[in-house]
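Each chain, letter by letter, is given below.
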Amino acid sequence: VTAEASFEAIGVRAEVLVTDPSALATAVDVVETELRAIDVACSRFRDDSELARLRQANGEPQEISELLCEAIAVALRAAAATSGAVDPTVGGSLKALGWDRDFTLVRSGAGPAQIVLVPAAGWQRVRLDRAAGTVTLPAGVELDLGATAKAFAADRCAAAATAACGCGVLVNLGGDVAVAGPAPKRGWRILVTDDHRASRTAPGQTVSVTSGGLATSSTTVRRWSAGGVERHHILDPRTGLPVHETWRTVSVAAVDCAWANTASTAAIALGPAAPRWLEERSLPARLVAADGSVVTTGGWPA
Amino acid sequence: VNAQEQAQRRVAANRIALRRLTFALAGIAAAATAVFAGLASATGNHSSSSPVVSDGNGFSNGASSFPGGNDAPSFSSGTPDSVSGGS
């Protein structure tokens with residue numbers, strides 16, 4: 001027997017599932033508290049967030065909270081593990097394409113008539129001193145933690161909720177799924193599909209996981225118009241343009257959700273090279289091509 | 001708009017080519033250093049195009065590789081508990 005709750009948070013639909021129904025209220029409370037903290041630390045769209053304040057740093061080292069420090073560390077780890085295919089210094093690139101506020105406002109707006117391409121500044125230029133709790137960004141460089149912060153938050157939420165409740169917990173933040181504690185006997189059943197808001201009967205595949213994380217990246221959901229062309233949100237850091245859509249949706253399972261999301265985002269960015277890249281890392285993945293054909297890697301169930 | 005975008009793409013492509021050249025030169029220099037130091041084996045699996053992570057970030061290439069050890073998902077035909085999709 002499991003119980004579940006869902007609500008809107010950090011721009012996505014959040015779900016909390018527990019194996020002990022009596023623990024649901026506590027788990028939801030823990031998750032909401034974690035998400036508020038993540039939002040205050042990592043949001044690119046709140047003027048009062050820590051991340052927004054870094055824009056005024058002008059190249060000087062800035063003291064940051066332990067939470068933001070950890071979130072930036074995860075983003076830089078993702079960049080290192082993907083040789084820069086997933087780069088947190090695309091904040092300026094996204095802004096140049098018109099994504100400079102909450103996405104609901106971007107989608108409903110007309111978008112910029114012209115765009116100026118802004119390649120990523122380069123993650124190697126970010127200096128994070130974890131011991132001192134400081135980060136230094138070159139002047140003008142803006143971080144966007146969107147590729148990893150949600151998955152990082154899912155991992156934190158699941159761990160905190162299971163610690164508080166003593167039961168199995170699944171946290172789903174916009175399709176980034178983390179599980180912690182004892183899973184149900186038949187595992188957590190998860191439908192992988194294009195859109196995390198889809199119904200549980202939508203086309204896709206249902207798989208069962210018992211630990212770690214499962215993340216899905218897709219070019220089909222977050223789309224808007226800029227420069228007279230429809231864009232999606234997964235950028236090639238080298239050009240500042242959305243990547244070619246070899247794969248429309250990629251799902252990856254890994255030891256935690258942050259690693260899973262790193263790989264799923266990288267796979268979209270890597271295009272035709274993605275299946276081999278995933279196999280070399282023994283990552284179970286399901287890749288859906290633009291034409292709907294499916295490729296799997298790393299022991300993903302056929 | 002298209003002409004402007006094409007021009008910007010060309011500029012971006014030139015930047016990429018320059019960056020690749022820089023990486024390649026850095027890779028050649030690193031390889032030569034390793035050979036002369038008798039440490040060729042220390043280059044491991046990293047290609048010359050893989051950027052070396054600075055100490056300032058507290059990472060090394062080894063530390064940033066993907067961890068293994070998690071079970072792959074298994075097939076399930078039951079009603080899903082949750083949905084993983086793009087957002």
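Presented here is an overview of the structure given in this document. (Residues numbered from 1 in each chain as written. Chains lettered and ligands numbered in written order. Predicted model: local features only at pLDDT ≥ 70, side-chain atom pairs only at ≥ 80, totals over all residues. Heavy atoms only, no water.)

It is worth spelling out the overall build of chain B at this point. For chain B, the count of helices and strands is one helix and two strands. Traced from its N-terminal end to its C-terminal end, chain B shows the element sequence α-β-β. Counting every position in chain B, which comprises 87 residues, the buried fraction comes to 29%. Accessible area for chain B stands at about 5400 Å²; split by element, carbon and sulfur atoms hold 59% of it. (Helix = DSSP H or I, 4+ residues; strand = E, 2+ residues; numbered from the N terminus. Buried < 20%, exposed > 50% of the residue type's maximum accessible area, 1.4 Å probe, protein only. Areas by Shrake-Rupley, 256 points an atom, 1.4 Å probe, with all protein chains shown as cover.)

In terms of helices and strands, chain A carries eight helices and 17 strands. Its C-alpha atoms give chain A a radius of gyration of 19 Å, near enough to 19 Å, the size a compact globule of 302 residues would have. Excluding contacts between residues fewer than 6 apart, the proportion of contacts in chain A whose partners are at least 24 apart in sequence is 61%. Measuring between centres, the 28 positive side-chain charges of chain A sit 4 Å from its 32 negative side-chain charges. (Rg over C-alpha atoms; globule rule 2.2 N^0.38 Å. Contact = heavy atoms within 4.5 Å. Lys, Arg positive; Asp, Glu negative; His and termini not counted. Charge placed at Lys NZ, Arg CZ, Asp CG, Glu CD.)

As a further point, take the pairing of strand E2 (residues 12–18) of chain A. All names here are of chain A. By the criterion of burial, E2 is predominantly enclosed, with six of the seven residues buried. Relative to E2, strand E1 (residues 3–9) runs antiparallel, the two sharing seven bridges. Across the sheet, Ser6 pairs through a bridge with Glu15, a residue of E2. Taking the residues that link successive antiparallel strands as the turn, the E1-E2 hairpin has two residues, and the phi of Ile10 there is positive, at about 40°. Looking at chain direction, E2 and strand E6 (residues 169–173) are connected through five bridges and run antiparallel. From the neighbouring strand, Val18 faces E6, where its bridge partner is Val169. (Pairing = 2+ DSSP bridges.)

This part is about helix H7 (residues 257–270) of chain A. One full turn of an α-helix is made of 3.6 residues, so residues set three or four places apart face in the same direction. All names here are of chain A. The end-to-end C-alpha distance of H7, which contains 14 residues, comes to 19 Å, matching closely the 20 Å that a straight helix rising 1.5 Å per residue would cover. Buried within H7 are the following residues: Cys257, Ala258, Trp259, Ala260, Asn261, Thr262, Ala263, Ser264, Thr265, Ala266, Ala267 and Ile268. Where H7 begins, the capping side chain belongs to Asp256, and its oxygen is found 3.2 Å from the backbone nitrogen of Ala258. (Expected span 1.5 Å × (residues − 1). Polar contact = N/O pair within 3.5 Å; in protein donor to acceptor, adjacent residues only side chain to side chain.)

In this section: the interface of chain A and chain B. Listed per partner, the contact involves 78 residues of chain A and 39 residues of chain B. Buried surface at the junction of chain A and chain B, both sides included, amounts to about 4600 Å², of which 55% is carbon and sulfur. Of all residues in chain A, the largest losses of buried area upon contact with chain B belong to Arg189(A), Arg200(A) and Arg238(A), amounting jointly to 13% of the total for that side. Applying the counting criterion to the chain A and chain B interface returns one salt bridge. Note that Asp81(B) and Arg186(A) form a salt bridge whose closest N and O atoms lie 2.5 Å from each other. Along the contact surface separating chain A from chain B lie 22 residue pairs in polar contact (both at pLDDT 80 or more). If you tally residues by element for the side of chain A that touches chain B, the top one is strand E8 (residues 188–195) of chain A, at eight residues. A per-class count over the side of chain A that touches chain B returns 39 nonpolar, 23 polar and 16 charged. Sheet analysis places E8(A) next to strand E2 (residues 82–86) of chain B, joined by four bridges and oriented parallel. (Buried area = accessible area lost by both parts, 1.4 Å probe. Salt bridge = Lys/Arg side-chain N within 4 Å of Asp/Glu carboxyl O. Nonpolar A, V, L, I, M, F, W, Y, C, P; charged D, E, K, R; others polar.)

Residue and element names in this part refer to chain A. Following both chains from N to C, one finds helix H1 (residues 24–42) and helix H3 (residues 66–81) inclined at 75°, their axes separated by 9 Å at the closest point. Considered as vectors, H1 and H3 are oriented roughly perpendicular to each other. Mapping the contact onto sequence places Ala37, Ile38, Ala41 and Cys42 in H1 and Leu67, Leu68 and Ala71 in H3. The residue makeup of the contact of H1 with H3, split by class, is seven nonpolar, no polar and no charged. (Axes fitted to C-alpha atoms, helices over the stretch in contact; angles between N-to-C directions. Parallel < 35°, antiparallel > 145°, perpendicular 65-115°, else oblique.)

What follows deals with the packing of H3(A) against H7(A). All names here are of chain A. The contact between H3 and H7 brings their axes to 10 Å, and the two run at 45°. Classed by the angle they form, the pair H3 and H7 counts as oblique. Note that H3 runs across H7; the crossing there is right-handed. Where H3 approaches H7, its residues Val74, Arg77, Ala78 and Ala81 are matched on the opposing element by Ala258, Trp259 and Thr262. (Left-handed = near helix turned anticlockwise from the far one by under 90°.)

The next point concerns the pattern of salt bridges. All names here are of chain A. One pass over the structure, following the stated rule, counts 20 salt bridges over all chains. For Arg156, the salt bridge identified is with Glu70, shortest N-O distance 3.4 Å. A residue pair is termed long-range when its members are at least 10 positions apart, and Arg156 in helix H6 (residues 149–165) and Glu70 in helix H3 qualify at 86 residues. Of the residues examined, Arg156 reaches a relative accessible area of 25% and is grouped as partly exposed. Of the charged contacts, one joins Asp100 and Arg101 as a salt bridge, the two residues approaching to 2.8 Å between their closest N and O atoms. Residue class for Arg101 comes out partly exposed when judged on its relative accessible area of 33%. Here the residues in one salt-bridge network are Glu4, Arg13, Glu15 and Arg200, joined through shared partners.

With respect to the secondary-structure elements, Thr219(A) resides in the loop between strand E10 (212–218) and strand E11 (223–226). Owing to a relative accessible area of 0%, Thr219(A) belongs among the buried residues under this scheme.

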